[in-house]
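Listed below, chain by chain, are the residues.
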There are 6 protein chains.
Amino acid sequence: MKMFYFLFLSSLLFSYCSAADFCVGDIKSALTPSGYPCKPAAKVTVDDFVFSGLGVAGNTTNIISAAVTPGFVEQFPGLNGLGISLARLDIASGGVIPMHTHPGANEVLVVLSGTICAGFVSSSANKVYLKTLTKGQSMIFPQGLLHFQLNAAKSSAVALVSFSDPEPGLQITDFAFFANDLPTDLVAKTTFLDAKTIKTLKSVLGGTN
Amino acid sequence: MKMFYFLFLSSLLFSYCSAADFCVGDIKSALTPSGYPCKPAAKVTVDDFVFSGLGVAGNTTNIISAAVTPGFVEQFPGLNGLGISLARLDIASGGVIPMHTHPGANEVLVVLSGTICAGFVSSSANKVYLKTLTKGQSMIFPQGLLHFQLNAAKSSAVALVSFSDPEPGLQITDFAFFANDLPTDLVAKTTFLDAKTIKTLKSVLGGTN
Amino acid sequence: MKMFYFLFLSSLLFSYCSAADFCVGDIKSALTPSGYPCKPAAKVTVDDFVFSGLGVAGNTTNIISAAVTPGFVEQFPGLNGLGISLARLDIASGGVIPMHTHPGANEVLVVLSGTICAGFVSSSANKVYLKTLTKGQSMIFPQGLLHFQLNAAKSSAVALVSFSDPEPGLQITDFAFFANDLPTDLVAKTTFLDAKTIKTLKSVLGGTN
Amino acid sequence: MKMFYFLFLSSLLFSYCSAADFCVGDIKSALTPSGYPCKPAAKVTVDDFVFSGLGVAGNTTNIISAAVTPGFVEQFPGLNGLGISLARLDIASGGVIPMHTHPGANEVLVVLSGTICAGFVSSSANKVYLKTLTKGQSMIFPQGLLHFQLNAAKSSAVALVSFSDPEPGLQITDFAFFANDLPTDLVAKTTFLDAKTIKTLKSVLGGTN
Amino acid sequence: MKMFYFLFLSSLLFSYCSAADFCVGDIKSALTPSGYPCKPAAKVTVDDFVFSGLGVAGNTTNIISAAVTPGFVEQFPGLNGLGISLARLDIASGGVIPMHTHPGANEVLVVLSGTICAGFVSSSANKVYLKTLTKGQSMIFPQGLLHFQLNAAKSSAVALVSFSDPEPGLQITDFAFFANDLPTDLVAKTTFLDAKTIKTLKSVLGGTN
Amino acid sequence: MKMFYFLFLSSLLFSYCSAADFCVGDIKSALTPSGYPCKPAAKVTVDDFVFSGLGVAGNTTNIISAAVTPGFVEQFPGLNGLGISLARLDIASGGVIPMHTHPGANEVLVVLSGTICAGFVSSSANKVYLKTLTKGQSMIFPQGLLHFQLNAAKSSAVALVSFSDPEPGLQITDFAFFANDLPTDLVAKTTFLDAKTIKTLKSVLGGTN
């Protein structure tokens, strides 16, 4: 009797419902500066917190011989508002993740297999931080700084990367310069590359103008 | 004449309307990671900034002989986005607010009447911080750390608690362990409690499995 | 052929769409504590990032001989979520931006032409920080502190101000005290001004009661 | 034996020391933008988390017939970095906390005894939000907005206020205008008050110039 | 000649040195609420951004048959101020990471090998989110919520976990309850466990009183 | 007499000293993740809040025919912790601020004189946002995204830029690629530029290897 009493009253006393534990993103709704609106708590299941996408090797049969598999908020809506996201890198022998930045997050990479040569360049002094990483080693790439990863070894490499934001963004310099309609003369003026080099890379990457 | 001129022009010059002063929560709308969307400013009245719920004693006629009366964003929508909330604790003689955490906020308690024995445990060293507090004394309980309050005195006690977030959350350890369908063997494996103890507490708290 | 291959695959590999680069405010939607919901990325054009309002001199033909032209999120929705906004000050000879605060942002002012005498008062010690600024000089006004700008020179002055938030707010003390229905006796009690002074300023600024 | 083993190993396995649970302020050290450096964890005791200052009534034998007793980070260093602080208001019959702002925090007031008439003014529309609060009622005063509390009843009143920052600041308008060396003509120009009124209040509040 | 000119001048024009790219923690200095003071930029090398600790399997020869290897700011000072950290979990067959919380961070786990049964409990509804995860699957554990991981399979399991803060903290409930000097009667009162159970677990975990 | 009384008591009642109004950076001390430690309040003068550096035209007699004059926290320590900074751009006819990013801040530019062609590239879709701006027009460049400014007109141009952080950083892509010791083959592999182009630009910009 007393037990029932406890149960009954405790549910009254501590019954204030709160959705603050998490905010699974309703990614069909309009984004806000803090992330997506939350899916109603009643509709959230454990599967909103589970993501299987990083278990599948990316297809590296391409000219960079590498693949990035994101686990950002759009792929993994449970990350919404949580200040973290993941991605998987597959880099075949000789492959490269070209020079890029993440405008919205810091990154930490862990090598799961193989060997990865990675580096970043500081903004103030243009100093290069370069390291060949083996299995189990981690490396930090601070937010917004140019960095790359490549596999100079004979076997393929896999890495897991974590970001300090659910939407880190990814800006690959070559794509930003050459894979759009930014006029060749503007690219030339602002990068000091010659028009011929620009036009060649534009044709490779699908850029125009 | 000049005065009218001032009035007329000043309303033009400084007329940019802004809703940034506050953001009373429209708690029927979908939550976002930063809180609820704001009620339209035109519909906001002083009553959105006033809450009377903490003036009423909680009912402590229950086996913990205590009650928590929240003034979180769901009860007091004017707190939305403001980084603060409140609650009232009523603890009868012999009563206890069992071991719990607030996953989303720091807490400061002020004893309004009576005597409260309170404590928290640090995460790294499992060190206990324990104090018997009398009327007018305040105590801090850092975010996410296990803590409790109990009344070992002969008269009842009342406290006001403030939190550093409009939705601090409340996770009572016993409820998390025993008041749901988490299988007894999983509870046993992960808490080192024996099955009999678990089943007894599950039956008290309404848990199954 | 290889080039086409690169193009084709790279678009697959790096195709995860993200709206995180920016969040142009959909200012017709309900505000949230972090700002307005984002306009769909597909509808964003360069004009969402461009604002022409600061190029037009404010009309200073009024009794304060000054004008504030805001470039806050409501006028310049591209600023939504970006932690910054702008405004233009025009102050004719003898003009003044009266004592005011920005409840939501720090401010930095740069004099573009003329001379401006500016000052702010600290909260703890009520210390005055006062400076006459000439063209090219900048001055900081910390968040929430009372400050003013006036033009004691013979020619008009223009300044550009930047804020650390898209919605800095603006509370002009005289307007808060005298341009509303706050009863004269409450103003008197809480400001130590006499009723006659209050009633005079209320009549100038359109206040009642 | 097995138990000893567990104890021994567990202390190894989970022994990473962390000071992140809290950061009791070493208030003799230089402040940083995020607060004071932390006192070494080994020197922290429960008394760093306990504050008795709010239990003592403020002395209201003064011409405002009111007193503010702060429990900010300088008085209560355990609050450092925790996003919260407290204060106690004592307002005798007829007393007033004059018009003021907190530049650094939102505020929530709870009336502990007596009756308090309180109000704030919005920044955009200069709209007044006014309420007479009785025991147990709470009211919000958003960050940076002008507000006041006064006691129009026959008995004295006590309130507890909570802030969303360990250092909310306090800028009393009258003190900012009249309790320093801001020249009378600058006060006149920027507040539209007449020189005589200014000089009278300067003399009351200890201002010069 | 022109090239030299460019080099010479560009170094002048863009020479403003900034340490804002990163803030490698000087972990011998006093912590602040935002992290450790930064190591001087001139002394930072690539090794400050590289950590090898996660490459070594933890020793699971203990009664929980599991080990946590942290890569938090104290082990990996390059993470200071970056909003992210890592850890490695090794769980032998039958092993368990007991019920615990991270007071300071959200967590995402990725299974690198083996099978892990993991779960967390929500704060409001005490709802259980439970999943058996296989290699390559990720699962989120929101900040401050009780969760566990165990290996019910025949082979050992390894997981990599990422946190949304350089110092996530770790509070193991059993350790908080039983591995310190919190008096048995207080544990009993606040957990509803019986004194015998408490004393048994205290003796296992090294607690006293 | 009463006045003296007020003065005397008010200084007691409201005497809690706070340094929270601002935190002028002591830039000789070690940086923290939240900025520099604060200069003691007693040593702060109005000159800590005033900066004259933006009033001086940069020297554009160089091959980019442009100059950036920063007003970041190192030049203007009063900005420490305030979430804002400034810079001045001088671009002679034909001059260019080459492709670059600010890893740590959003930017808003206002043209003060002349005409500036500016653009940025989004990260997800590599979409170009391009505009020719005239006097008084503002343009946003979101954090971390590649952008440029150039002057295609016959007369020189001046712009004022504001950032959402006291240390926005500046990474000029050409400098990051070519003005350091990053080996030519790594540049080639990660940018798809040919070795000859790289070596030419390295020689221009002072790079080696």
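Residue positions are given per chain, counting from 1 as you read along its sequence in written order. To read the labels, note that chains go from A and ligands from 1, taken in the order they are written. For this predicted model, a pLDDT threshold of at least 70 governs which residues receive local features, and a threshold of 80 or more governs which side-chain atom pairs are given and counted, while totals over whole chains, interfaces and linings are taken from all residues. Only hydrogens and water are removed before side-chain values are computed, so all heavy atoms of the structure are retained for them.

Where an unreviewed UniProt entry is consulted, chain A appears under the name Germin-like protein, with the organism given as Papaver atlanticum. UniProt positions are given in the numbering used here, feature names are shortened, and annotations may be inferred rather than shown by experiment. UniProt annotates chain A under Subcellular location (unreviewed entry) with the comment "Secreted, Extracellular space, Apoplast". Quoted straight from UniProt, the Sequence similarities (unreviewed entry) entry for chain A says "Belongs to the germin family."

Chemist: Give a detailed account of the overall build of chain A, specifying residues and quantitative values.
Modeler: When you go through chain A residue by residue, the secondary structure sums to four helices and 11 strands. Taken over the C-alpha trace, chain A has a radius of gyration of 22 Å; the compact-globule value for 209 residues is 17 Å, which it surpasses by more than 25%. With respect to the three principal axes, the spread of C-alpha positions in chain A is 85 × 40 × 35 Å. A contact between two residues is defined here by any heavy atoms of the two lying within 4.5 Å. Long-range pairs, those at least 24 residues apart, make up 67% of the contacts in chain A between residues at least 6 apart in sequence. Areas reported as accessible are Shrake-Rupley estimates using a 1.4 Å probe. Residue values count occlusion only from the protein chains shown. Put simply, chain A shows about 6800 Å² of open surface, and 59% of that area lies on carbon and sulfur atoms. For the purpose of charge, His is not counted, nor are the chain termini; Lys and Arg are scored as positive and Asp and Glu as negative. Lysine's charge is taken at NZ, arginine's at CZ, aspartate's at CG and glutamate's at CD. Charged side chains in chain A number 13 positive and 13 negative. The centres of these two groups are separated by 7 Å. Helix numbers and strand numbers start at the N terminus; a helix is a DSSP run of H or I with at least 4 residues, a strand a run of E with at least 2. Put simply, the radius of gyration uses C-alpha atoms, and a globule should come to 2.2 Å times the residue count raised to 0.38.

Chemist: Give a detailed account of the relation of the copies chain A and chain F, specifying residues and quantitative values.
Modeler: Superposing the two chain copies requires a rotation about an axis and a translation along that axis. Overlaid copies result from least-squares superposition on C-alpha atoms, with residues included only where pLDDT is at least 70 in both. Expressed as a screw transformation, the operator carrying chain A onto chain F has a rotation angle of 180° and an axial translation of 0.0 Å, and the superposed copies differ by an RMSD of 0.0 Å. Considering both components of the superposition, the chain copies are consistent with a two-fold axis. Within chain A, Gly144 of chain A has its C-alpha nearest the rotation axis, a separation of 2.6 Å. Both copies contact each other with a shared surface, as 100% of the interface residues of chain A are interface residues in chain F too.

Chemist: Which residues make up the sheet that holds strand β8 (residues 138–141) of chain C, and what values go with them?
Modeler: Two strands are said to pair when DSSP picks up at least two bridges between them. Spatial ordering of the open sheet is given by β2(C)-β3(C)-β10(C)-β5(C)-β8(C)-β1(F), a layout of six strands whose pairing is antiparallel. The open sheet has two edge strands, β2 (66–71) of chain C together with β1 (50–51) of chain F, and neither has a second partner. Where β8 of chain C meets β1 of chain F, two bridges bridge the pair, whose relative direction is antiparallel. Residue pairing in the sheet places Met139 of chain C in a bridge with Val50 of chain F of β1 of chain F.

Chemist: So, the interface of chain A and chain E: which residues are in play, and what are the values?
Modeler: The partner chain E presents 49 residues to the 49 residues of chain A that form the contact. Buried area: the accessible surface (1.4 Å probe) lost by two parts on joining, summed over both. Summing both partners gives a buried area of about 3900 Å² for chain A against chain E, and 66% of it is carried by carbon and sulfur. A side-chain nitrogen of Lys or Arg and a carboxyl oxygen of Asp or Glu constitute a salt bridge if their distance falls within 4 Å. Along the contact surface separating chain A from chain E lie two salt bridges. Between Lys131 of chain A and Asp47 of chain E there is a salt bridge, with the nearest N and O atoms lying 2.6 Å from each other. Throughout this description, a polar contact denotes any pair of N or O atoms lying within 3.5 Å of each other; where both atoms belong to protein, one of them has to be capable of donating a hydrogen while the other can accept it, and for residues adjacent in sequence the pair is counted only when both atoms sit in side chains. Connecting chain A to chain E are 17 residue pairs in polar contact (both at pLDDT 80 or more). Contributing elements (two or more residues each) for the side of chain A that touches chain E: β1 (50–51), β5 (107–113), β7 (128–133), β8 (138–141) and β10 (157–163) of chain A.

Chemist: I'd like a rundown of the UniProt feature "binding site: Mn(2+)" (unreviewed entry) in chain A, residues and numbers included.
Modeler: Residue and element names in this part refer to chain A. Here, UniProt's "binding site: Mn(2+)" (unreviewed entry) annotation points to His100, His102, Glu107 and His147. Taking the farthest pair of C-alpha atoms as the criterion, the annotated set spanning 48 residues converges on one region, since that pair is 12.1 Å apart. Counting through the fold element by element, His100 comes out in strand β4 (residues 96–101). Residue contacts for His100: discarding those within four places in its chain leaves Leu145, Leu146, His147, Phe148, Gln149, Leu170, Gln171, Ile172 and Thr173. Separated by 2.7 Å, the side chain of His100 and the backbone oxygen of Pro98 make a polar contact. With respect to the helices and strands, Glu107 occurs in strand β5.

Chemist: Report on the interface of chain A and chain F, specifying residues and quantitative values.
Modeler: Interface size is often expressed as the accessible area that is lost when the parts come together. If you look at the interface, chain A gives 42 residues, while chain F gives 42 residues. Buried surface at the junction of chain A and chain F, summed over both partners, amounts to about 3600 Å²; 66% is from carbon and sulfur atoms. Taken as a group, Gln171, Thr190 and Phe192 of chain A account for 16% of the area that chain A buries against chain F, more than any other trio of residues on that side. Remark: the boundary between chain A and chain F carries zero salt bridges. Connecting chain A to chain F are 10 residue pairs in polar contact (both at pLDDT 80 or more). Those elements giving two or more residues to the side of chain A that touches chain F turn out to be β4, β7, β9 (147–150), β11 (171–172), α2 (173–178), α3 (184–191) and α4 (195–205) of chain A. Nonpolar residues are Ala, Val, Leu, Ile, Met, Phe, Trp, Tyr, Cys and Pro. Charged residues are Asp, Glu, Lys and Arg, and all others, Gly as well, are polar. Considered class by class, the residues forming the side of chain A that touches chain F number 23 nonpolar, 15 polar and four charged.

Chemist: How would you sum up the pattern of salt bridges? Please name residues and give values.
Modeler: Residues and elements named next belong to chain D. Following the criterion strictly, the structure yields 18 salt bridges over all chains and no others. Residue Asp48 is joined to Lys39 by a salt bridge in which the shortest nitrogen-to-oxygen separation is 2.8 Å. Overall, the relative accessible area of 27% leaves Lys39 in the partly exposed class. With a shortest N-O distance of 2.8 Å, Asp90 and Arg88 are connected by a salt bridge. Residue Asp90 is classed as buried on the basis of its relative accessible area, which comes to 6%. Burial status follows relative accessibility: with a 1.4 Å probe on protein chains alone, a residue under 20% of its type maximum counts as buried, one over 50% as exposed, and anything between as partly exposed. On the basis of relative accessibility, which here comes to 12%, the residue Arg88 falls in the buried class.

Chemist: For the side chain of Ser162 of chain B, give the residues involved together with the corresponding values.
Modeler: For Ser162 of chain B, the location among the structural elements is in strand β10 (residues 157–163). A distance of 2.6 Å separates polar atoms of two side chains, one belonging to Ser162 of chain B and the other to Ser162 of chain D. Excluding residues within four positions of it along the chain, Ser162 of chain B makes contact with Ser85, Leu86, Asn106, Glu107 and Val108 of chain B together with Ile84, Leu86 and Ser162 of chain D.

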